[in-house]
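Secondary and tertiary structure notes
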Amino acid sequence: QVQLVESGGGLVQPGGSLRLSCAASGIIFSTYNMDWFRQAPGKQRELVAIITSGGSTNYARSVKGRFTISRDNAKNTVYLQMNSLKPEDTAVYYCNANDRTTHYWGKGTLVTVSS
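Each chain has its residues counted from 1, running along the sequence as written. For this predicted model, a pLDDT threshold of at least 70 governs which residues receive local features, and a threshold of 80 or more governs which side-chain atom pairs are given and counted, while totals over whole chains, interfaces and linings are taken from all residues. Side-chain numbers come from the whole structure's heavy atoms, not from hydrogens or water.

With respect to the environment of Ala97
What counts is decided by this rule: Strands here are runs of E lasting at least two residues and helices are runs of H or I lasting at least four, both read from the DSSP assignment and numbered beginning at the N terminus.
With respect to the helices and strands, Ala97 occurs in strand 9 (residues 91–98). Considered as a pair, Ala97 and Asn83 are 14 residues apart in the sequence and their alpha carbons are 23 Å apart.

Observations concerning the pairing of strand 8 (residues 77–82)
Rule in force here: Under the scheme applied here, a residue whose accessible area is under 20% of the maximum for its type counts as buried, over 50% as exposed, and between as partly exposed, the area being computed with a 1.4 Å probe on protein chains only. The criterion for strand pairing is that DSSP finds at least two bridges linking the strands in question.
With respect to burial, strand 8 is a largely interior element, 5 of its 6 residues being buried. As defined by bridge partners, strand 3 (residues 18–25) adjoins strand 8 across 6 bridges and the pair is classed as antiparallel. By the bridge assignment, Leu18 is partnered in strand 8 with Met82. The pairing of strand 7 (residues 67–72) with strand 8 spans 6 bridges and is classified as antiparallel.

Here's the deal with the packing of aromatic side chains
Put simply, the rule is: When the centres of two rings from Phe, Tyr and Trp lie within 6.5 Å, Trp using its six-membered ring, the rings pair. Their planes under 30 degrees apart give stacked, over 60 give edge-to-face, and anything left gives tilted.
As enumerated under the stated definition, the model contains 2 aromatic pairs in all. Here Tyr32 and Tyr104 contribute two aromatic rings whose centre-to-centre distance is 6.3 Å and whose plane-to-plane angle is 50 degrees, an arrangement assigned as tilted. Residue Tyr32 is found in the loop between strand 3 and strand 4 (33–39), and its partner Tyr104 is found in strand 10 (residues 103–105); the two are separated by 72 residues along the sequence. Overall, Tyr32 belongs to the buried group, its relative accessible area being 8%. Tyr104 sits in the partly exposed class, given a relative accessible area of 26%.

So, the sheet that holds strand 1 (residues 3–7)
Our working rule: All axes here are fitted lines through C-alpha atoms, helices being fitted over the stretch that makes contact, and every angle between N-to-C directions spans 0 to 180 degrees.
Within the open sheet, the 4 strands sit side by side as 1-3-8-7. Their pairing is antiparallel. Only two strands of the sheet have a single neighbouring strand rather than two, namely strand 1 and strand 7. Within the sheet, the average angular offset between the axes of one strand and its neighbour, ignoring direction, is 15 degrees. Of the strand pairs in this sheet, strand 1 and strand 3 are connected by 5 bridges, and their pairing is antiparallel. What sits directly across from Gln3, in strand 3, is Ser25.

Okay, structure coming up:
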């Protein structure tokens, strides 16, 4: 059974930092591209960051220079380091694993950036 479990969300002040983790099981993790999405209240879900199975990364324009996605294949875990957080970063953050045939989602972790 495939399972993606996000953790690390919470309440942080503007300018602060958080590191999100997503632990995967039930897949051959090293062969999957891993993504972070987020959905703010009243907003569409948006893609935040991508890291491919080969380690290439891409970011949404809104987070470039502030967020860093990384993966540790030995731990079956993908991370999202979030620095210089802004109130508009407030959202539920979701982990996504995908290959050419399937997509899997975690249940999300809430990040609240408040002043």
